[in-house]
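Residue-level structural notes
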Amino acid sequence: MNRLLKMISAPLAALALPVLLAGPVVAVEVGDDGLHKTAWMRDTFKDLQEDLAEANAEGKRLVLFFEQRGCIYCAKMHEEVFPRPEVSNYIEENYFVVQLNLHGSTEVTDFDGETLQEREMARKWNVLFTPTILFLPEEVPEDQTAVQAAVSIMPGAFGAGTTLDMFTWVNEKRYELDNGEDFQRYHARRIQERNNGSTD
């Protein structure tokens, strides 16, 4: 009997080891709207001029997160990418994050003054997928919409390296540099610098 237990327990232990080494499972809060929540997301009136002014007052960049209930890619970002300290800390320190619901009915006031429900604003801005992240400049003319003013748009879920690189690229205003290093070239350079065996 002892021998049989050893024969069974050895393979089970081998299977369990990778799970244990992967680290703790992160419990992510989900709101009544079915969207994942993080501590650094702001609950605002969704008047984008006001949100931009508040972000500027804090020395942060305004970013808009479009998500939807049941989005497996949003869940991936919240469960695998955002909990990583290097990503979460960077976003919290440098960004003022406003979450929008692709199918939501909360009113949003665009920079051009038009007020629409979240789902209508998504159509106006041609946002089709979740997650979609819009990065805004510090100043937006009153005749522009958020999507027209955005300095970058990140459509879809990406790994931690790509996500951190995008947030860093925007925060450092590398989109303004005339050095031939667009985001893809910057990201490729950062992958080489990290040199951790990952292509992310």
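Criteria and thresholds
Residues numbered from 1 in each chain as written. Predicted model: local features only at pLDDT ≥ 70, side-chain atom pairs only at ≥ 80, totals over all residues. Heavy atoms only, no water. Buried < 20%, exposed > 50% of the residue type's maximum accessible area, 1.4 Å probe, protein only. Helix = DSSP H or I, 4+ residues; strand = E, 2+ residues; numbered from the N terminus. Pairing = 2+ DSSP bridges. Polar contact = N/O pair within 3.5 Å; in protein donor to acceptor, adjacent residues only side chain to side chain. Contact = heavy atoms within 4.5 Å. Expected span 1.5 Å × (residues − 1). Arc of directions from axis to C-beta. Axes fitted to C-alpha atoms, helices over the stretch in contact; angles between N-to-C directions. pLDDT = per-residue confidence, 0-100.

Things to note about the pairing of strand S2 (residues 61-67)
Most of S2 is tucked away: seven of the seven residues are buried. Taken together, the seven bridges between S2 and strand S3 (residues 95-101) define a ladder with parallel strand orientation. Paired with Val63 across the bridge in S3 is Val97. Pairing geometry for S2 and strand S6 (residues 132-135), over four bridges, is antiparallel. By the bridge assignment for S6, Phe65 is matched with Ile133.

Let's talk about the side chain of Lys60
Structurally, the position occupied by Lys60 is in the loop between helix H2 (48-57) and S2. Using a relative accessible area of 16% as the deciding quantity, one classes Lys60 as buried. Here Glu92 takes part through its backbone oxygen, which lies 2.8 Å from a polar atom of the side chain of Lys60. In contact with Lys60, not counting residues within four places along its chain, are Arg42, Ala55, Glu92, Glu93, Asn94, Tyr95 and Phe96.

Considerations on the pairing of strand S7 (residues 152-155)
What you see with S7 is a clean split: Ser152 and Met154 sit on the buried side and Ile153 and Pro155 on the side with no burial. The sheet contact formed by S6 and S7 spans four bridges and is antiparallel. Within the sheet, the bridge partner assigned to Thr132 lies in S7 and is Pro155.

Comments concerning unusual backbone geometry
Residue Pro131 follows Thr130 across a cis peptide bond; omega there is -5°. As for its position among the elements, Pro131 is in the loop between helix H5 (118-124) and S6. Of note, Asn126 is a non-glycine position whose phi angle comes to about 60°, a positive value. Mapped onto the fold, Asn126 is located in the loop between H5 and S6. A relative accessible area of 63% means that Asn126 is categorised as exposed.

With respect to helix H8 (residues 183-194)
For H8, spanning twelve residues, the distance from its first C-alpha to its last is 16 Å, which sits close to the expected 16 Å at 1.5 Å a residue. Looking at H8, one finds that the buried residues are Phe183, Tyr186, His187 and Ile191. When H8 is viewed along its axis, its buried side chains cluster within an angular range of 140° and face the same direction. In this structure, H8 carries Arg185 and Gln192 as exposed residues pointing more than 90 degrees from its buried face. Phi for Asn195, located one or two positions after H8, is positive at around 45°.

A closer look at the sheet that holds S3
Where strands meet in a sheet, backbone hydrogen bonds hold them as pairs that are either parallel or antiparallel. If you trace the five strands from one edge of the open sheet to the other, you get S1-S3-S2-S6-S7, paired in mixed fashion. One side of each edge strand has no neighbouring strand; the edge strands of this open sheet are strand S1 (41-42) and S7. Docked against the sheet, helix H7 (residues 160-171) engages S2, S3, S6 and S7, running at close to 170° with respect to S7.

Observations regarding the confidence of the model for the protein chain
Atom-level detail of predicted coordinates should not be read off regions where pLDDT is low. Model confidence for the protein chain is summarised by a mean pLDDT of 89, while 86% of its residues fall at 70 or above. Below a pLDDT of 50 lies the segment residues 4-25, which in the model reaches zero contacts outside its immediate sequence neighbourhood of four places, other chains included.

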